[in-house]
Structure formats: C-alpha cells, structure tokens
Amino acid sequence: MTDVTGAPADVLHTLFRSEQGGHEQVVLCQDRASGLKAVIAIHSTALGPALGGTRFYPYASEAEAVADALNLARGMSYKNAMAGLDHGGGKAVIIGDPERDKTEELLLAYGRMVASLGGRYVTACDVGTYVADMDVVARECRWTTGRSPENGGAGDSSVLTAFGVYQGMRASAQHLWGDPSLRGRTVGIAGVGKVGHHLVRHMLDEGAEVVVTDVREDAVARIVAEHPSVRVVPDTDALIRTEGLDIYAPCALGGALNDDTVPVLTARVVCGAANNQLAHPGVEKDLADRGILYAPDYVVNAGGVIQVADELHGFDFERCRAKAARIFDTTLAIFARAKEDGIPPAAAADRIAEQRMAEARASGAR
C-alpha cells in the first residue's frame, strides 16, 4: 500500500500516528541540476531551532531515507534536551553515494534548501559529510555548524565527544562502585577511530587498563604505536567476552547491544560513543536484568553537539569543555531517576528529556 506520493504508507503512519512520530515538519528537497535528493526532518523546536547533522548515504529507497531522517531527528531532540542546549532536534539525509555523487554544486544546492527554512534547522556533519563539506554548505547557508576554524567554525568535534563519554564513565563508576576514579579498572573500547583514540588516552591518564578492537588494522596499529600498554583483541565478540572487563565502550556502529551480545557481556558498565546502541526496545531491560549499568548513548556522546551548537555564539573551547563536563552530573541524575522510578536508565533519560521539552512547549504556549 502506498500514499499519494507513491511512498509506502507506513512512513506516513510513523510520521502522523505512531509514538515515534510527532515531527513538526518534513521537507523533501530536490535539485535536478546537481542531482540533489534530500530529506530534512524537524522533530521539535520547543527548546529552540532544531540542530542535527547531515547524513550522506546510498539508501536503498527514498522511503528508507525518510524513515532514517525521522528516527535520527527524534533522537536529536532527546540528545539536545539532555545536553541542556536551547535547541530542538532535526536531521537531514542526502540520498546518494558520497564517494561518487558528492559535488560542490550539490552541496551548494543543499545549503540553499537549509537556508530556505529560515533558521528552523541548523545543520552540521554526520556520516558521509565532513568539515570541508560544511564549509561549502555555509557559503549558501548561515545556519551551518561543524565548519573549519579558518571559516569561523570549531573543526573536529571528536575531542569533546570523547571527553563527554569519559565523564559518563566516571559517573557510572561513582554510581556503581562509589568512586568516580577509573584507576585499576579494565575498559574495553570497540572502535578506536576519531573518538575512540581520544577515549583511550583519557583511560590511560586515569590509570585504567585498556583493551581495544577495530575492524581497521591501521586504527589499531596507530593506538599500539602511541600506547604500547594497550591490549588488542581480534574482534568485538572477543572484547565483550574478556574476563575481568569492567566497562564496555561501543564506539563504532549502532546496534552493539542486542539479543546476542547482552547475554555474553562480561562488563558491569556500558558507556560508549556509538549512536543507537540498543538494537531494539527491550534491550535496556535485558541489561538491567543482568545487573549491567547502561549509560544512555545520546547523553554521554553529546560533547560533539555541544561543540557545534557553541559555534552559533562564537566558539570558545573552554566554555564547551565546561558544558561537556556537566555530562557527569547529568548521567548521575539519570541513574538516580531510574532507581527512584524503578526503570532502566534509558527510560529515565527519555522521561527527563520529554519533561524538559513539555515544559518548554507549555511555557511557549502561555
């Protein structure tokens, strides 16, 4: 069954009638001259202009692209709310292979599309887009973050993303073991790319023992060359089964916590930088049933969005670092709320974010 546009009707069902919907606006963008096909989804502007990155990806269908934009935009509303930002959630996806289809003309056309929204949506980098791309988009759109320092931006946001995850780990240790120190703890990091390699340094500086894995041999080689004390295991399956593991940090792909991995996970804490770590609803309860403390991903990995949001006010690294440091207190508050309400931390984080957005909507309605 299809709707009037020819897209599967379940996309419109998600948008208008499901609990995952409720989006304020979805814009389908096309520029035939450059080949641009994009979807901009604005989930909420209750807290302020929607902020979220632009994903450039070869989706199998337009319907899949719309569904991804809807899901990602909703997630950004929760992330921005929990980060204490005056921003709602939005996300954009460009349909295509970035290696083949990305051109200056296409990015400029995309910039014009974002600009046409008059500031309701602020864009940034995501999968398939980079700082250099945002510099091009910014030539047509003032509501662009994630730019290079040479063009008034903050550049790479992975430093503060890793710092925020580190703060989430400290909060997890405080809640579970009564001490925020990670000294002597064994931390397993899956994915040691842009964020993961900074996280390794934080762990070693704290006196933790570090075990890593990555599908890219060059990423592992870089870590071992810089930090010879780091232990390497062949894959994620070996990592999550490591004896004596205290903390597991998924820093690569989403869906790391699923029906296969949770039952064999040896760590007492999961706290990592990857987005969408829970493969499906219910995994958070499986973790809780096993006594594994889960620090919600969109809370602890918010350092990057804190950084790009600050560009709109004239970027100041120390100001951003101070905001990212508050992830420690936010994570502790989530654990306290989870205990008080008798629910998993992921559900507690959702409740707190929803409460902040509801209060903002009520305040705006008066």
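Residues numbered from 1 in each chain as written. Predicted model: local features only at pLDDT ≥ 70, side-chain atom pairs only at ≥ 80, totals over all residues. Heavy atoms only, no water.

Chemist: Please clarify how the overall build of the protein should be interpreted in this entry.
Modeler: In terms of regular secondary structure, the protein is built from 15 helices and 12 strands. Against the globule reference of 21 Å for 366 residues, the protein gives a C-alpha radius of gyration of 20 Å, in line with a compact fold. The proportion of buried residues among the 366 residues of the protein is 52%. Within the protein, residue pairs in contact and separated by at least 24 positions form 64% of the contacts whose partners lie at least 6 positions apart. Total accessible area on the protein is roughly 16200 Å²; 50% of this is exposed by carbon and sulfur atoms. Of note, the protein has its 36 positive side-chain charges centred 5 Å away from the centre of its 48 negative side-chain charges. (Helix = DSSP H or I, 4+ residues; strand = E, 2+ residues; numbered from the N terminus. Rg over C-alpha atoms; globule rule 2.2 N^0.38 Å. Buried < 20%, exposed > 50% of the residue type's maximum accessible area, 1.4 Å probe, protein only. Contact = heavy atoms within 4.5 Å. Areas by Shrake-Rupley, 256 points an atom, 1.4 Å probe, with all protein chains shown as cover. Lys, Arg positive; Asp, Glu negative; His and termini not counted. Charge placed at Lys NZ, Arg CZ, Asp CG, Glu CD.)

Chemist: How should I be thinking about the packing of aromatic side chains in this particular structure?
Modeler: One pair of aromatic rings is described through two measures. These are the centre distance and the angle between the planes. Tallied over the entire structure, the rule returns three aromatic pairs. Between the aromatic rings of Tyr78 and Tyr298, the centroid separation amounts to 6.1 Å while the plane-to-plane angle is 70 degrees, which identifies the pairing as edge-to-face. Note that Tyr78 is positioned in helix H2 (residues 62-82) and Tyr298 in helix H11 (residues 297-300), a separation of 220 residues in sequence. Comparing Tyr78 with Tyr298 shows no difference in burial state: the two are buried. (Phe/Tyr/Trp six-rings, centres within 6.5 Å; stacked < 30°, edge-to-face > 60°.)

Chemist: What should I look at first to understand the pattern of salt bridges in this one?
Modeler: As a working rule, side chains carrying opposite charge can pair if their charged atoms are close by. Taken as a whole, this structure holds 19 salt bridges when the rule is applied. Glu62 serves as the salt-bridge partner of Lys37, at 3.6 Å between the closest nitrogen and oxygen. In this pair, Lys37 is assigned in strand E2 (residues 36-44) and Glu62 in helix H2, connecting sequence segments 25 residues apart. Assessed through its relative accessible area of 34%, Lys37 is described here as partly exposed. For Glu62, a relative accessible area of 46% puts it in the partly exposed group. Across the pair Arg356 and Asp86 runs a salt bridge whose closest N-O atoms are separated by 3.4 Å. (Salt bridge = Lys/Arg side-chain N within 4 Å of Asp/Glu carboxyl O.)

Chemist: Would you explain the pairing of strand E10 (residues 247-250) in this entry?
Modeler: Regular strands have side chains that alternate between both faces of the sheet. By the alternation rule, side chains of E10 split into Ile247 and Ala249 and Tyr248 and Pro250, which are all buried. Where strand E7 (residues 186-190) lies against E10, four bridges are found, and the strand directions are parallel. By the bridge assignment, Gly188 is partnered in E10 with Tyr248. Strand direction decides the pairing type here: E10 and strand E11 (residues 269-270), joined by two bridges, are parallel. By the bridge assignment, Ile247 is partnered in E11 with Val269. (Pairing = 2+ DSSP bridges.)

Chemist: Explanation requested: unusual backbone geometry in the structure shown.
Modeler: Where the residue is not glycine, phi is negative for most of them; where a peptide bond is considered, it is trans in most cases. Even without being a glycine, Asn276 presents a positive backbone phi close to 50 degrees. Structurally, Asn276 is set in the loop between E11 and helix H10 (283-289).

Chemist: What's the story with the state of the cysteines in this structure? I'm lost.
Modeler: Two cysteines, two sulfur atoms, one covalent bond between them: this is a disulfide. In this structure the tally under the stated criterion is zero disulfides. Here Cys141 stays free of any disulfide, with the sulfur of Cys29 as its closest cysteine sulfur at 11 Å. Overall, Cys141 belongs to the buried group, its relative accessible area being 1%. Cys125 provides the cysteine sulfur closest to Cys320, a residue in no disulfide bond, and the two sulfurs are 15 Å apart. The exposure class of Cys320 is buried, given its relative accessible area of 0%. (Disulfide = S-S within 2.5 Å.)

Chemist: When you look at the sheet that holds E7 in this model, what are you seeing that I'm missing?
Modeler: Consider a sheet: its strands pair through backbone hydrogen bonds, and that pairing is either parallel or antiparallel. Ordered in space as E9-E8-E7-E10-E11-E12, the six strands form an open sheet in which the pairing is parallel. One side of each edge strand has no neighbouring strand; the edge strands of this open sheet are strand E9 (231-232) and strand E12 (293-294). Relative to strand E8 (residues 209-213), E7 is paired through five bridges, and the arrangement is parallel. Note on E8: the bridge partner recorded for Ile189 is Val212.

Chemist: Looking at this structure, how should I read the nonpolar core?
Modeler: The nonpolar side chains of soluble globular proteins are, as a tendency, buried together. Of all hydrophobic cores here, the largest spans 66 residues; its most connected members are Tyr110, Tyr121, Met169, Ile189, Leu199 and Met203. In terms of residue count, helix H6 (residues 158-177) provides more of this core than any other element does, seven residues in total. Not counting the four nearest positions on each side in its chain, Met169 is found in contact with Leu182, Val187, Leu199, Met203, Ile247, Ala249 and Cys271. With 18 residues, the next largest nonpolar core counts Val233, Leu239, Tyr248 and Tyr294 among its residues. (Core = buried A, V, L, I, M, F, W, Y, C linked by side-chain atoms within 4.5 Å.)

Chemist: Please explain the environment of Ala83 as it appears in this structure.
Modeler: Structurally, Ala83 can be placed in the loop between H2 and strand E5 (88-95). Distance from Ala83 to Ser116, taken between C-alpha atoms, is 27 Å for residues 33 residues apart in sequence.

Chemist: Would you mind showing me how to read the environment of Asp260 here?
Modeler: With respect to the secondary-structure elements, Asp260 resides in the loop between E10 and E11. Residues Asp260 and Asp237, spaced 23 residues apart in sequence, show a C-alpha to C-alpha distance of 9.7 Å.

Chemist: Just to check I follow, could you spell out the pairing of strand E1 (residues 25-31) for this structure?
Modeler: Judged from the seven bridges that link them, E1 and E2 form a sheet pairing that is antiparallel. Looking at the pairing, Val26 lines up with Ala41 of E2. In this structure, the hairpin formed by E1 and E2 is closed by a connection of four residues, where Gly35 is found at a positive phi of approximately 90 degrees.

Chemist: Looking at this model, I keep getting lost on H2. Mind explaining?
Modeler: Every α-helix carries 3.6 residues per turn, so stepping three or four residues along brings you back to the same face. The end-to-end C-alpha separation of H2 is 31 Å, in line with the 30 Å expected for 21 residues at 1.5 Å each. Counting buried residues in H2 gives 15 out of 21 residues, a clear majority hidden from the surface. Count one or two residues on from H2 and you reach Gly84, which has phi positive near 75 degrees. (Expected span 1.5 Å × (residues − 1).)

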